[in-house]
Amino acid sequence: MPPPADIVKVAIEWPGANAQLIEMDQKRALSSIIREVCDGWSLSGSEQFALRYADGPQLYITEQTRGEIKNGTILRLAISPGRAARQLLERIQSHGIDARLEALKELAKLSADPTFAAEFINMEGIGTLARLVESGTHSFGEMLAFTLTAFLELMDHGIVSWDLISLSFIKQIAGYVNQPMVDVSILQRSLAILESMVLNSHSLYHRVAQEITVGQLIGHLQVSNQEIQTYAIALINALFLKAPEDRRQHVIRGNRPIKAEMAHQLYVLQVLTFNLLEERMMTKMDPNDQTQRDIIFELRRIAFDGENDPTGTEKRKAMYSKDYKMLGFTNHVNPALDFTQTPPGMLALDNMLYLAKVHQDTYIRIVLENSSREDKHECPFGRCAIELTRMLCEILQVGELPNEGCNDYHPMFFTHDRAWEEFFCVCIQLLNKTWKEMRATAEDFNKVMQVVREQITRALAMKPSSLDQLKNKLRGLNYSEILRLRQSERMSQDDFQSPPIIELRERIQPEILELIKQQRLNRLCEGSCFRKLGNRRRQEKFWFCRLSLNHKMLHYGDLDESPQGEVPFELLSDKIPVSDIKSVVTGKDCPHMKEKSALKQNKEVLELAFSVLYDPDETLNFVAPNKYEYCIWTDGLCALLGREMGSDLTRSDLDTLISMEMKLRLLDLENITIPEAPPPVPKEPSSYNFNYNYS
């Protein structure tokens, strides 16, 4: 007979004594259980003690968290959080260097515990740490590193407002970041503290910005330590987020392989940098604004009048109209009207002016090359530049907010101070080249833009590390290559639509679906490791879940670290009968997503979240490590419940497997035209007197 659900069997340790094996009644008060344990070791003053986990982060157990204790857990009797906080506060203010170092080391470890943190903060502990930093009396090595670690962990609990931090503390922390030679651990924690200050307090942003600039952080991106690089980029992103529009600067360059966290920070920096273009992208040109009209005059002058032609501005308006037509504007009389649509708005004009001034020879060549043609194959530069700018804004998602967890950044955008403008210059030359390869006319404008879009997206997917590499990849993606790739992809899609092929597909589909179902269930039997949501600076927590081999139980349990292979069922202490599962919900319908605040919810996590609802009114909440595991588990759970597998992965696998199976079955019919209808049945013979030849 299984033990009652409220009874948990645990072991409790105490230094120098044999462990006690007890059955903890979760309905009893925790203080009563601690008193009983203390009596077992003849310890007086049970109110001065508490229980902690013996493994992992070794957090204190409270009435609120005791429900997380599992069968077989090893606990440790320890002094209470209040008593520990009081002792550590006294020790870190002692005169002995060794005693203070040990106290700070222990404090750095305990500060991640919310129960201890609350007690320590109530004793004005954060103020004490801040004064130690401000005094600079132990601004060296391990002691300072432990002090900063404890301070950051305590502040991360959100109990105390960052606005209470003094200016002298900010100056001291900024000083560590600006020092040319400083311990790596101190620098890392100083960067993290400044990032939290900027993100959590508008007033502190201005103070931090006065002490440290984004330009001063560039040096930290050149070091080999990727932890330092990651925190430096995170601080740059924080300064970007809080800075006024006119103060944001594009300052990072780099192109070597990096870890996921740093890749995410680079992606965020890329998005925020491109979002600086949004204002110009959404600004319409005022046809009556002479300053804006002068930019168009400058484009005409550079193209047709030369650098030092004083008579250029004296031409009649009729000549201007002719020049604007040769420049490829749609509105020849007043080309300012071409820039009244948003997007791309004034951003297109900015790009054109950059090309004309910085790459003047290229600009003049493109304009004159097309304006001198009389065979209707001229490429309208103005119209193309405007449409290309709109296309690039769509491809790079200018104006979109960054997604949490996304690492899709392009290294080449960090290799030039004017990366956006240079990217446009490369693409406008590509467009002109493709136009000539297609021998396009004005009627083919949309077709050309579609081909150019495909060329650009295919080249970006290859992640070129520099603009020169981008040019080389685009050179290989000419119009002929795009046609070849399209033809190859069409042939591989098995686009047969005749009735016999459709009927064959319908017959094959149930077999393929059963094959996919078995694969999903086999993967669930192997199991997967999932992360628990938490602060990225703290040690990650993992748990593992797998389906029993008879498909009747879901086994799961916590792990200290990510496993390297399959986890045995014996290590997974909890289980759910499949027969008790009522439904599977995803995204915003998940209980653990509803519990999160709106600020903490993000698109990436929502897309990977799912929950198992089972009797009686219990839930098992998941956040998949990636989209593939999300599809595998949601499909597998739906298959267990006899429901349709509707993930994107299932649709992709179904199309691939059906296509392969049909090609195998139709091999003998290659180069034979399959009729739309079956051949007619021949008429009956006039007689059935058949002649047999037995010789």
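If you're wondering where the values come from, they're calculated on a predicted model, not measured in any experiment.

K.L.:
Would you mind going over the nonpolar core with me for this structure?
P.N.:
If you look at soluble globular proteins, the nonpolar side chains tend to sit buried side by side. Formed by 73 residues in total, the largest nonpolar core has its most connected members in Leu129 and Met197. The leading source of residues in this core is helix α6 (residues 141–156), at 10 residues. If we ignore the near neighbours within four places in the chain, the residues touching methionine 197 are Trp162, Ile165, Phe169, Ile170, Leu204 and Val208. Of all hydrophobic cores here, the second largest spans 68 residues; its members include Phe381, Trp435, Met438 and Val448.

K.L.:
Help me understand the packing of aromatic side chains, please; the structure alone is not making it clear to me.
P.N.:
Aromatic rings in a pair are described by how distant their centres are and how their planes are angled relative to each other. Counted by the stated rule, this structure contains 23 aromatic pairs. Taken together, the aromatic side chains of Phe530, Trp543, Tyr556, Phe610, Phe622, Tyr630 and Trp633 make up a single cluster linked through ring pairs. If you follow arginine 52 out to its NZ or CZ, it ends over the ring of tyrosine 60, 5.1 Å from the centre. Between the NZ or CZ atom of arginine 83 and the centre of the ring of phenylalanine 49, over which it lies, the distance is 5.8 Å.

K.L.:
Sorry, what's going on with the confidence of the model for the chain here?
P.N.:
Detailed conclusions should not be drawn from predicted coordinates in areas where pLDDT is low. With 88% of its residues at a pLDDT of 70 or more, the chain has an overall mean of 84. Of all secondary-structure elements in the chain, the lowest mean pLDDT belongs to helix α10 (residues 214–217), at 71, while helix α18 (residues 381–395) reaches the highest, 95. Here residues 307–315 is modelled with pLDDT under 50, and outside its nearest four sequence neighbours on either side it reaches 11 contacts, counting other chains as well. Note that pLDDT drops below 50 for residues 597–601; the model gives that stretch 4 contacts with residues more than four away or on any other chain.

K.L.:
Quick question: what am I supposed to make of the sheet that holds strand β3 (residues 49–53) here?
P.N.:
In a beta sheet, neighbouring strands pair by backbone hydrogen bonds and run either parallel or antiparallel. Taking strand neighbours across the sheet as the criterion, the 4 strands line up as β2-β1-β4-β3 in an open arrangement whose pairing is mixed. A single partner strand is all that each edge strand has here, and the edge strands are β2 (17–25) and β3. Adjacent strand axes in the sheet meet at a mean angle of 35 degrees, parallel and antiparallel pairs treated alike. Pairing of strand β1 (residues 7–14) with strand β4 (residues 73–79), which is carried by 4 bridges, proceeds in the parallel orientation.

K.L.:
Would you explain a nonpolar patch on the surface in this entry?
P.N.:
A cluster of nonpolar side chains, contributed by Tyr688, Phe690, Tyr692 and Tyr694, occupies part of the molecular surface with about 600 Å² of accessible area. Structurally, the position occupied by tyrosine 692 is in the segment after α27 (648–665). On the basis of relative accessibility, which here comes to 56%, the residue tyrosine 692 falls in the exposed class.

K.L.:
Got a minute to help me understand helix α14 (residues 290–304) in this structure?
P.N.:
Every α-helical turn comprises 3.6 residues, leaving residues that sit three or four positions apart pointing alike. In a regular helix each residue adds 1.5 Å, so 15 residues correspond to 21 Å; α14 covers 21 Å between its end C-alpha atoms and thus fits that length. Buried residues of α14: Gln292, Ile295, Ile296, Leu299, Arg300, Arg301, Ile302 and Ala303, and no others.

K.L.:
Can you walk me through the side chain of threonine 441 in this structure?
P.N.:
Note that threonine 441 resides in the loop between α19 (419–437) and α20 (445–461). Of the polar contacts made by the side chain of threonine 441, one reaches the side chain of glutamate 443; its length is 2.9 Å. Among all residues touching threonine 441, those that are not within four sequence positions of it are Lys376, His377 and Trp435.

K.L.:
Looking at this structure, how should I read the sheet that holds strand β8 (residues 574–577)?
P.N.:
In space, the 4 strands of this open sheet follow the order β5-β6-β7-β8, with antiparallel pairing throughout. Either end of the sheet is taken by a strand with one partner, and the two such strands are β5 (528–531) and β8. On average, each strand axis in the sheet is tilted by 25 degrees relative to the strand beside it, whichever way the strands run. Where strand β6 (residues 542–547) lies against strand β7 (residues 553–559), 6 bridges are found, and the strand directions are antiparallel. What sits directly across from arginine 546, in β7, is histidine 555. Helix-sheet contacts for helix α23 (residues 499–526) involve β5 and β6, and the interaxial angle to β6 is about 135 degrees.

K.L.:
Can you walk me through helix α3 (residues 97–110) in this structure?
P.N.:
Over its 14 residues, α3 extends 20 Å from the first C-alpha to the last, a length consistent with the 20 Å expected when each residue adds 1.5 Å. Of the positions making up α3, those classed as buried are Arg100, Ala103, Leu104, Leu107, Ala108 and Leu110. Relative to the axis of α3, the buried residues are bounded by an arc of 165 degrees and lie together on one face. In α3, the exposed residues that point more than 90 degrees away from the buried face are Asp98 and Lys109. Packed against the buried residues of α3 are β3, α2 (81–91), α4 (114–122), α5 (125–135) and α6.

K.L.:
What am I meant to see in the pattern of salt bridges here?
P.N.:
Where charged atoms from two side chains of opposite charge approach closely, those side chains can pair. A complete count under the given rule lists 30 salt bridges for this structure. Of the charged contacts in the structure, one is a salt bridge between glutamate 394 and arginine 453, with a shortest N-O distance of 3.0 Å. Of the two residues, glutamate 394 sits in helix α18 while arginine 453 sits in helix α20, which places them 59 residues apart along the sequence. Classification of glutamate 394 as partly exposed rests on a relative accessible area of 45%. Linking glutamate 629 and arginine 523 is a salt bridge whose minimum nitrogen-to-oxygen distance equals 2.6 Å. Of this pair, glutamate 629 sits in helix α26 (residues 627–640) while arginine 523 sits in helix α23, and the two are 106 residues apart along the sequence. For the pair glutamate 629 and arginine 523, a shared accessibility class is recorded, and that class is buried.

K.L.:
Is there a simple way to explain unusual backbone geometry in this structure?
P.N.:
One can expect most non-glycine residues to show negative phi and most peptide bonds to be in trans. Here the bond from threonine 342 into proline 343 is cis, since omega is -20 degrees, no more than 30 degrees from zero. On the secondary structure map, proline 343 appears in the loop between α15 (317–326) and α16 (346–358). Located in the positive-phi region is glutamine 58, a residue other than glycine, with phi close to 55 degrees. With respect to the helices, strands and loops of the structure, glutamine 58 is situated in the loop between β3 and β4. Residue class for glutamine 58 comes out buried when judged on its relative accessible area of 14%. The phi angle at arginine 439 is positive, at roughly 50 degrees, despite the residue not being glycine. With respect to the helices and strands, arginine 439 occurs in the loop between α19 and α20. Taking relative accessible area as the criterion, arginine 439 reaches 52% and is therefore assigned exposed.

K.L.:
Mind showing me how you'd approach the environment of glutamine 455 here?
P.N.:
Relative to the elements of secondary structure, glutamine 455 occurs in helix α20. Placed 18 residues apart in sequence, glutamine 455 and lysine 473 show a C-alpha to C-alpha distance of 9.1 Å. With near-sequence residues (within four places) excluded, glutamine 455 lies in contact with Leu430, Thr434, Leu474, Leu477, Asn478, Tyr479 and Ile482.

K.L.:
Please clarify how the side chain of glutamine 270 should be interpreted in this entry.
P.N.:
Looking at the element boundaries, glutamine 270 is found in helix α12 (residues 260–275). For glutamine 270, a relative accessible area of 8% corresponds to the buried category. When neighbours within four sequence positions are excluded, glutamine 270 is seen to be in contact with Asp408, Tyr409, His410, Phe413 and Phe414.

Thresholds, definitions, all that
Residues numbered from 1 in each chain as written. Predicted model: local features only at pLDDT ≥ 70, side-chain atom pairs only at ≥ 80, totals over all residues. Heavy atoms only, no water. Core = buried A, V, L, I, M, F, W, Y, C linked by side-chain atoms within 4.5 Å. Buried < 20%, exposed > 50% of the residue type's maximum accessible area, 1.4 Å probe, protein only. Helix = DSSP H or I, 4+ residues; strand = E, 2+ residues; numbered from the N terminus. Contact = heavy atoms within 4.5 Å. Phe/Tyr/Trp six-rings, centres within 6.5 Å; stacked < 30°, edge-to-face > 60°. Lys NZ or Arg CZ within 6 Å of the ring centre and 35° of its normal. pLDDT = per-residue confidence, 0-100. Pairing = 2+ DSSP bridges. Axes fitted to C-alpha atoms, helices over the stretch in contact; angles between N-to-C directions. Patch = residues over 30% accessible without salt bridge, like charges linked within 9 Å, V, L, I, M, F, W, Y side chains within 5 Å. Areas by Shrake-Rupley, 256 points an atom, 1.4 Å probe, with all protein chains shown as cover. Salt bridge = Lys/Arg side-chain N within 4 Å of Asp/Glu carboxyl O. Expected span 1.5 Å × (residues − 1). Polar contact = N/O pair within 3.5 Å; in protein donor to acceptor, adjacent residues only side chain to side chain. Arc of directions from axis to C-beta.

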